[in-house]
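Chain residues, written in single-letter form:
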Amino acid sequence: ETGVTQTPRHLVMGMTNKKSLKCEQHLGHNAMYWYKQSAKKPLELMFVYNFKEQTENNSVPSRFSPECPNSSHLFLHLHTLQPEDSALYLCASSQEVVSGGPTARTQYFGPGTRLLVL
Amino acid sequence: DQQVKQNSPSLSVQEGRISILNCDYTNSMFDYFLWYKKYPAEGPTFLISISSIKDKNEDGRFTVFLNKSAKHLSLHIVPSQPGDSAVYFCAAKGSGSARQLTFGSGTQLTVLP
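So, here's what we can say about the structure. All values derive from a computational prediction rather than experimental measurement. (Residues numbered from 1 in each chain as written. Chains lettered and ligands numbered in written order. Predicted model: local features only at pLDDT ≥ 70, side-chain atom pairs only at ≥ 80, totals over all residues. Heavy atoms only, no water.)

**Description of the pairing of strand 9 (residues 86-94) of chain B**
All names here are of chain B.
Here is step 1: Across the nine residues of strand 9, eight count as buried, placing the element largely inside the fold.
Here is step 2: Examined bridge by bridge, strand 4 (residues 30-38) and strand 9 share eight bridges and lie antiparallel to one another. Bridged to Phe 33 within strand 9 is Ala 92.
Here is step 3: Sheet topology note: the strand 9/strand 11 (residues 107-112) ladder contains three bridges and is antiparallel. Looking at strand 11, one finds that Tyr 88 is bridged to Thr 107.
Here is step 4: The pairing of strand 9 with strand 10 (residues 102-103) spans two bridges and is antiparallel. Following the sheet pairing, Ala 92 is matched in strand 10 by Thr 102. (Buried < 20%, exposed > 50% of the residue type's maximum accessible area, 1.4 Å probe, protein only. Helix = DSSP H or I, 4+ residues; strand = E, 2+ residues; numbered from the N terminus. Pairing = 2+ DSSP bridges.)

Right under this line is the structure:
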C-alpha cells in the first residue's frame, strides 16, 4: 500500500452515533492534517499534527476529536454530529523539516471519507 | 472572507486548445502557490507550484504564471486533453499566520473531445 489511505470511504451516521475516521500514510512523513470540504467551498483546514503533537486547531467544534497515536496514523472521532457536518473529510501528510519550523510546501492527500449525517 | 478566490466555478474547452484557470489572492504574506487536481472519488493531487521569486514555472503541458502586483496567478494547460477534466484547486501559503495552505473553491475543467 502506498500513499495516504482513508477508511471508511463512505459513512452514514445518525446525530447520536459515535464513529471514527482513520487515516494512514505510508510515505514516512511526520506531519498529518484533517481537512473538511463542503460542496462548492474551499478545503477548510481542521487540525494539524506535527511530530505527533497537535499544532493547529482551527476553531473546530468539540464534537470532532482528533487523535494521532504515531506519525503514520491519524484518527478523527465523531460524536453527536449535526447534518451540516455532512461533507468530504480529507486527510493529508507532509514532511516537515523541523517541528515548529516553516511548513512543508507539498501535502499529499488521501481519497477522503464522504460523510452523511442524518 | 476568502483569501484565495477562484471566480470561475467551471470551464469548458475543446480538446487540443488551451485551458486557462485563474486564481486571485488577497494576503500579501503568501509567497508560495500551488495547483492541485482532483478527480471524483479521489483526493487532490499536487500538480505544479511557483515561488514568489519567480513569475513563471513550466512542467510539460502545464505552466503557472504569477503576477504579484495584481495578486493573480493562472494555470495554462496546452494542449488540453480529455483526461485533464477534473476540479483544479489553487492554494497558497506563506509564513507566520499564513503558514498553512489556504485553498480556493476550485474550478471544474471539462475538456471536450
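**A look at the nonpolar core**
Here is step 1: Core analysis: the largest hydrophobic core is formed by 24 residues, its most contacted members being Phe 33, Trp 35, Leu 73, Leu 75 and Tyr 88 of chain B.
Here is step 2: If you list the elements that add at least two residues to this core, you get strand 3 (19-25), strand 4, strand 5 (45-51), strand 7 (62-67), strand 8 (72-77), strand 9 and strand 11 of chain B.
Here is step 3: With residues up to four places along the chain from it excluded, the contact list for Phe 33 of chain B reads Tyr 25, Ile 48, Ser 49, Ile 50, Ser 52, Leu 66, Leu 73, Ala 91 and Ala 92 of chain B.
Here is step 4: Counting residues in each nonpolar core, the second largest holds 22 residues, with Met 32, Tyr 49, Leu 81 and Val 117 of chain A among its members. (Core = buried A, V, L, I, M, F, W, Y, C linked by side-chain atoms within 4.5 Å. Contact = heavy atoms within 4.5 Å.)

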